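Residue strings, one per chain:
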Amino acid sequence: MKEKIELKGIILGSSPVKDYDKRLVLLTKERGKITAFANGARKMNSALSGISEPFNFGTFTLYEGYDAYRFVGGDISEYFSDVKNDIEGICYGSYFCEVLEYLCVEGVGDANILNLLYLSLKALANKNIPNALIRRIFELKILALDGEMMAAFSCVKCGKEEIIAYSFSNNGLVCKECAKYIADVYTVSETTVYTLQYILSAPLNKLFSFQVKDEVFLQLDYVVNSFFSKHVTKKFKSLDILSALA
């Protein structure tokens, strides 16, 4: 066992191991996604019980092993209690964590991805914008950070900036002329185009600062869902629960 280290991050998930232990998946600033085991964390009087829960954000103390870490403590700066006390918030938050557990590479740190998760959970807690909109913002932005940015600033076929539709087969927006020759186009408004561009280009701390009208959200919802589903085919348990709640 190597010497003790401290990593800043968020707990993505927790599962029981043996009689009283937990297996944790953390997303950390320094080392990306890691797996850690918290011995005795499921005992009622364990000092690790409260600090080893999903969504907890802080600085965690671990020992590095050959193929995993041993979780021994932490200083939690944000528990996201408002999210944990709301069933819909739990589902959305769990979905964000599931997506990152699936997409992130073990041992590769990325502060932007960690910040996106933190800000997405803050948005769920503050209720400034609808949860469904938070989800679509998160999905579009995480794919961009992961190297799969939607072509939304000019026509993906010819490069013209006057774009009017989304093409599933072409992974982006197209102009009026090119749309004539593409079978799978979905027409969107100028406001929807601007919203897509804003999400892709805005700094993370400005992402969750707006709302849209219902007609714009319906278009955004369709486009982002189509784009995300094409690049992420895994089925997530939290979405099944959300569907059951609807």
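As a reminder, the structure under discussion sits directly above these lines.
Owing to the predicted nature of the structure, the values given are computational and were not obtained by experimental measurement.

### Quick look at the overall build of the protein chain
And then number 1: What the protein chain contains, in helices and strands, is 8 helices and 8 strands.
And then number 2: With respect to the three principal axes, the spread of C-alpha positions in the protein chain is 65 × 35 × 30 Å.
And then number 3: A total of 246 residues make up the protein chain; the buried ones form 48% of that total.
And then number 4: When contacts within the protein chain are restricted to residue pairs at least 6 apart in sequence, those whose partners lie at least 24 apart make up 59%.
And then number 5: The positive charge centre, built from 28 side chains, and the negative charge centre, built from 29, are 2 Å apart in the protein chain.

### Side note on the side chain of K22
And then number 1: Position of K22 relative to the elements: it lies in strand β2 (residues 21-28).
And then number 2: Judged by its relative accessible area of 6%, K22 is buried.
And then number 3: Side chain to side chain, K22 and S52 meet in a polar contact 2.9 Å long.
And then number 4: Side-chain polar atoms of K22 contact the side chain of E53, separated by 2.7 Å.
And then number 5: Beyond its immediate sequence surroundings of up to four residues, K22 is in contact with S14, S15, V17, A36, F37, A38, A41, R42, S49, S52 and E53.

### Section: the pairing of strand β1 (residues 4-17)
And then number 1: When β1 meets strand β4 (residues 57-64), the two strands line up antiparallel, connected through 7 bridges. By the bridge assignment, K4 is partnered in β4 with Y63.
And then number 2: Relative to β2, β1 runs antiparallel, the two sharing 8 bridges. Looking across to β2, one finds that P16 is bridged to K22.

### Regarding the environment of S154
And then number 1: With respect to the element layout, S154 can be found in the loop between α4 (131-145) and β6 (163-167).
And then number 2: With relative accessibility at 27%, the residue S154 sits in the partly exposed group.
And then number 3: As a C-alpha pair, S154 and D221 span 67 residues in sequence and 20 Å in three-dimensional space.
And then number 4: Those residues within four positions of S154 in sequence are excluded, and the remaining contacts are G159, K160, E161, I163 and L173.

### What about helix α6 (residues 190-201)?
And then number 1: If you check α6, its first and last C-alpha atoms are 16 Å apart, about what 12 residues at 1.5 Å a residue would give, namely 16 Å.
And then number 2: All of the buried residues along α6 are T192, V193, T195, L196, Q197, I199 and L200.
And then number 3: On its buried face, α6 is in contact with α4, β6, β7 (172-175) and α7 (214-231).

### Concerning the side chain of T35
And then number 1: Tracing the backbone through its elements, the reader meets T35 in strand β3 (residues 32-38).
And then number 2: Under the relative-accessibility criterion, T35 is labelled buried at 12%.

### Side note on the sheet that holds strand β5 (residues 69-78)
And then number 1: Read once around its circumference, the closed barrel built from 5 strands follows the order β1-β2-β3-β5-β4, with strand pairing classed as mixed. Shown here is a sheet whose adjacent strand axes are inclined to one another by a mean of 50°, direction ignored.
And then number 2: In this sheet, β5 lies alongside β3 in parallel orientation, the contact comprising 2 bridges. The partner of F37 across the bridge, within β5, is R70.

### Re a nonpolar patch on the surface
And then number 1: A cluster of nonpolar side chains, I87, I241 and L245, forms an exposed patch at the surface whose accessible area comes to about 280 Å².
And then number 2: Structurally, I241 can be placed in helix α8 (residues 237-245).

### Notes on the nonpolar core
And then number 1: Counting 66 residues, the largest nonpolar core has L100, L117 and M150 as its most contacted members.
And then number 2: What L117 contacts, discounting residues up to four positions off in sequence, is I10, L12, L27, F96, C97 and L100.
And then number 3: Core analysis: the second largest hydrophobic core is formed by 16 residues, A41, L48, F60 and Y69 among them.

### Thoughts on the environment of V99
And then number 1: Along the chain, V99 turns up in helix α2 (residues 87-103).
And then number 2: For the pair V99 and K2, spaced 97 residues apart in sequence, the C-alpha separation works out to 30 Å.
And then number 3: When residues no more than four places from it in sequence are discounted, the contact partners of V99 are F138, F228 and F236.

Reading the values: the criteria
Residues numbered from 1 in each chain as written. Predicted model: local features only at pLDDT ≥ 70, side-chain atom pairs only at ≥ 80, totals over all residues. Heavy atoms only, no water. Helix = DSSP H or I, 4+ residues; strand = E, 2+ residues; numbered from the N terminus. Buried < 20%, exposed > 50% of the residue type's maximum accessible area, 1.4 Å probe, protein only. Contact = heavy atoms within 4.5 Å. Lys, Arg positive; Asp, Glu negative; His and termini not counted. Charge placed at Lys NZ, Arg CZ, Asp CG, Glu CD. Polar contact = N/O pair within 3.5 Å; in protein donor to acceptor, adjacent residues only side chain to side chain. Pairing = 2+ DSSP bridges. Expected span 1.5 Å × (residues − 1). Axes fitted to C-alpha atoms, helices over the stretch in contact; angles between N-to-C directions. Patch = residues over 30% accessible without salt bridge, like charges linked within 9 Å, V, L, I, M, F, W, Y side chains within 5 Å. Areas by Shrake-Rupley, 256 points an atom, 1.4 Å probe, with all protein chains shown as cover. Salt bridge = Lys/Arg side-chain N within 4 Å of Asp/Glu carboxyl O. Core = buried A, V, L, I, M, F, W, Y, C linked by side-chain atoms within 4.5 Å.

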